[in-house]
Amino acid sequence: MQIRKTNLTTFFIPVVLLLTLTGCKNIGDKEPNNTIDKASLVTLGKPFHIKINPKGDLDWLKVNVPGPGYIRIQSKTIPKGMQLDVAFARYEEWENEKEHWLRKWHRVPDALRIAKAGSYYLLVHDAYDDGASTQDIELLVSFLPEFDMHEPNNHPENAVMLESNANIRLAVYPEGDVDWFRVKVSTQGYISLKVKEVPASIRVDAYYGIYDEWKKTEVRLLRGWHTLPDAVAVTGSVEYLICLHDSYDDNSAPQLFDLKVEFLAEMDPSEPNDNFMNAKIVSAGDKCMMAIYPQGDLDYYKIKIKKGNKLRIWADKVSDVKAEAMLSIISPNDSNKLKGTSPWKILPAEFDVKPSQEYYILIHDNYDDVGNPQPFMVKFG
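Here the structure is a predicted model, which is why all the values come from computation and not from measurement. (Residues numbered from 1 in each chain as written. Predicted model: local features only at pLDDT ≥ 70, side-chain atom pairs only at ≥ 80, totals over all residues. Heavy atoms only, no water.)

1. Side note on the sheet that holds strand E13 (residues 178-185)
Then comes step 1: Ordered in space as E11-E13-E18-E15-E16, the five strands form an open sheet in which the pairing is mixed. Here the strands that pair on one side only, and so sit at the sheet edges, are strand E11 (160-162) and strand E16 (219-227). Taken over all neighbouring pairs, the strand axes of this sheet differ in orientation by 25° on average, direction set aside. (Pairing = 2+ DSSP bridges. Helix = DSSP H or I, 4+ residues; strand = E, 2+ residues; numbered from the N terminus. Axes fitted to C-alpha atoms, helices over the stretch in contact; angles between N-to-C directions.)

Structural data, given as structure tokens:
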């Protein structure tokens, strides 16, 4: 491998502030550098060339960074048939294992968040160690000072506390970044999340839970990953956890975007009724206000038919959602399960029933892909 100075005056146009350290030069033609203690010193913000040759060649690079932020490595030219991977480490001179790994292999370009100033080491190689070339590979290692004021918040235990109504700016960077937040509410309702000015490459998903230090997983799930905008039902004076990330953890961008956190008071008097065990009891002729919110909301009602063989359900002034219903009874083989007795029907609808039978009515959006906090009326008869 060869490392040498280049006369390039322009290389990459960074999308955020790029801190360039001057006053030191890249060290050229330093071989061997296939162990961490022989790493080649490179200058942040100055492009340089390497060669991956022969097959299996490992190239250690050393950079000195001034404070919290992100080490970023980019490539301009990669020989055909090769793919570069990078790993990040600290050098533990007095330990048996000299490499203290900060993150293992990711494809170049890549970045790593670091918490403090110091010397950091990058290991570059062909992704499968089956490629080699005498052709130059042009690289740039740069440093981005910390721009997300909420970092570090990559774990539940260092989640950032937010007000139940807050507007903040954050970033999903680097690739694989997750951001944990805490929100405390005092009454039953919904925590709503909305984003704007999100970079085009990123789709923001949210996960919701409650922190439980006694559980093996630490976080008790309330609602799994959903793409924003989204909301979660909450029951009262509990501290809730929210985790945000890119939906597939394969995209990132060093640009801040807006997150709006809102608390919506409960608008559905029958909630919580998302399980048949806590179904709202109704009778023929009853009218109830309800809402299908958030996306995926399920609402159970229980009714006992006293006479007749028909049950009619009407829905009035439904916005956005397409409400449909299904009837079930308790399974004769398992009292903890329901057995469906009707097909799904869009409301208003009529169902065949048997007198003196207790039925469970499940109402939801027909594809569970729409939710609306606007209540509407349903009537049973």
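2. Quick word on the packing of aromatic side chains
When we look at a pair of aromatic rings, we describe it by the centre distance and by the angle of the planes.
Then comes step 1: Enumeration according to the criterion identifies 10 aromatic pairs in this entry.
Then comes step 2: Between Tyr207 and Trp225 the ring centres are 5.2 Å apart and the planes differ by 45°, which places this aromatic pair in the tilted class. With Tyr207 in strand E15 (residues 204-211) and Trp225 in strand E16, the pair connects residues that are 18 residues apart, well separated along the chain.
Then comes step 3: A centroid spacing of 5.4 Å and a plane angle of 50° characterise the contact between Tyr301 and Phe380, whose relative ring orientation is tilted. In this pair, Tyr301 sits in strand E22 (residues 299-304) while Phe380 sits in strand E29 (residues 376-380), placing the two residues 79 residues apart along the sequence.
Then comes step 4: One aromatic cluster is present, formed by Tyr70, Phe147 and Tyr173 through successive ring pairs. (Phe/Tyr/Trp six-rings, centres within 6.5 Å; stacked < 30°, edge-to-face > 60°.)

3. Here's the deal with the pattern of salt bridges
Proximity of charged atoms lets side chains of opposite charge pair with each other.
Then comes step 1: All told, the structure shown has 12 salt bridges when counted by the stated rule.
Then comes step 2: The salt bridge involving Arg169 is made with Asp258; its shortest N-O contact spans 3.0 Å. With Arg169 in strand E12 (residues 166-170) and Asp258 in strand E19 (residues 257-265), the pair connects residues that are 89 residues apart, well separated along the chain.
Then comes step 3: Assessed through its relative accessible area of 36%, Arg169 is described here as partly exposed. (Salt bridge = Lys/Arg side-chain N within 4 Å of Asp/Glu carboxyl O. Buried < 20%, exposed > 50% of the residue type's maximum accessible area, 1.4 Å probe, protein only.)

4. Some details on the pairing of strand E25 (residues 334-340)
Then comes step 1: Note that strand E24 (residues 323-331) and E25 share four bridges and pair antiparallel. Along E25, the bridge assignment pairs Ile330 with Leu338.

5. Remarks on the environment of Asp246
Then comes step 1: Within the secondary structure, Asp246 is located in strand E18 (residues 238-246).
Then comes step 2: Take Asp246: its relative accessible area is 2%, and that puts it in the buried class.
Then comes step 3: For the pair formed by Asp246 and Thr227, sequence separation is 19 residues and the distance between their alpha carbons is 9.2 Å.
Then comes step 4: If we ignore the near neighbours within four places in the chain, the residues touching Asp246 are Val172, Ser201, Ile202, Arg203 and Asn251.
Then comes step 5: One polar contact links the side chain of Asp246 to the main-chain amide nitrogen of Asn251, over a distance of 3.3 Å. (Contact = heavy atoms within 4.5 Å. Polar contact = N/O pair within 3.5 Å; in protein donor to acceptor, adjacent residues only side chain to side chain.)

6. Examining unusual backbone geometry
Then comes step 1: Pro109 follows Val108 through a cis peptide bond whose omega is 10°.
Then comes step 2: The step from Glu271 to Pro272 runs through a cis peptide bond, and the omega angle for that step is -5°.
Then comes step 3: Within the secondary structure, Pro272 sits in the loop between E19 and strand E20 (280-281).
Then comes step 4: Located in the positive-phi region is Asp320, a residue other than glycine, with phi close to 70°.
Then comes step 5: Positionally, Asp320 belongs in the loop between strand E23 (310-316) and E24.

7. A few points about the side chain of Asp299
Then comes step 1: On the secondary structure map, Asp299 appears in strand E22.
Then comes step 2: No salt bridge is formed by the buried Asp299, whose closest oppositely charged neighbour, Arg223, lies at an N-O distance of 11 Å.
Then comes step 3: Those residues in contact with Asp299 that lie beyond four places of it in its chain are Asp268, Glu271, Asn273, Met290, Ala291, Ile292, Ile361, Leu362 and Ile363. (Lys, Arg positive; Asp, Glu negative; His and termini not counted.)

8. As for the sheet that holds E12
What links the strands of a sheet is backbone hydrogen bonding, and the strands pair in either a parallel or an antiparallel sense.
Then comes step 1: The strand order across the open sheet formed by four strands is E12-E19-E14-E17, and the pairing between neighbours is antiparallel. At either end of the open sheet lies a strand with only one pairing partner, and these are E12 and strand E17 (230-234). Within the sheet, the average angular offset between the axes of one strand and its neighbour, ignoring direction, is 20°.
Then comes step 2: Here strand E14 (residues 189-196) runs beside E17; their pairing, made up of five bridges, is antiparallel. Each bridged residue has a counterpart across the sheet, and for Leu193 the counterpart in E17 is Asp230.

9. Section: the environment of Lys80
Then comes step 1: Topologically, Lys80 is positioned in the loop between strand E5 (69-77) and strand E6 (84-91).
Then comes step 2: Classification of Lys80 as exposed rests on a relative accessible area of 86%.
Then comes step 3: Spatially, the C-alpha atom of Lys80 lies 59 Å from that of Tyr300, the residues being 220 residues apart in sequence.

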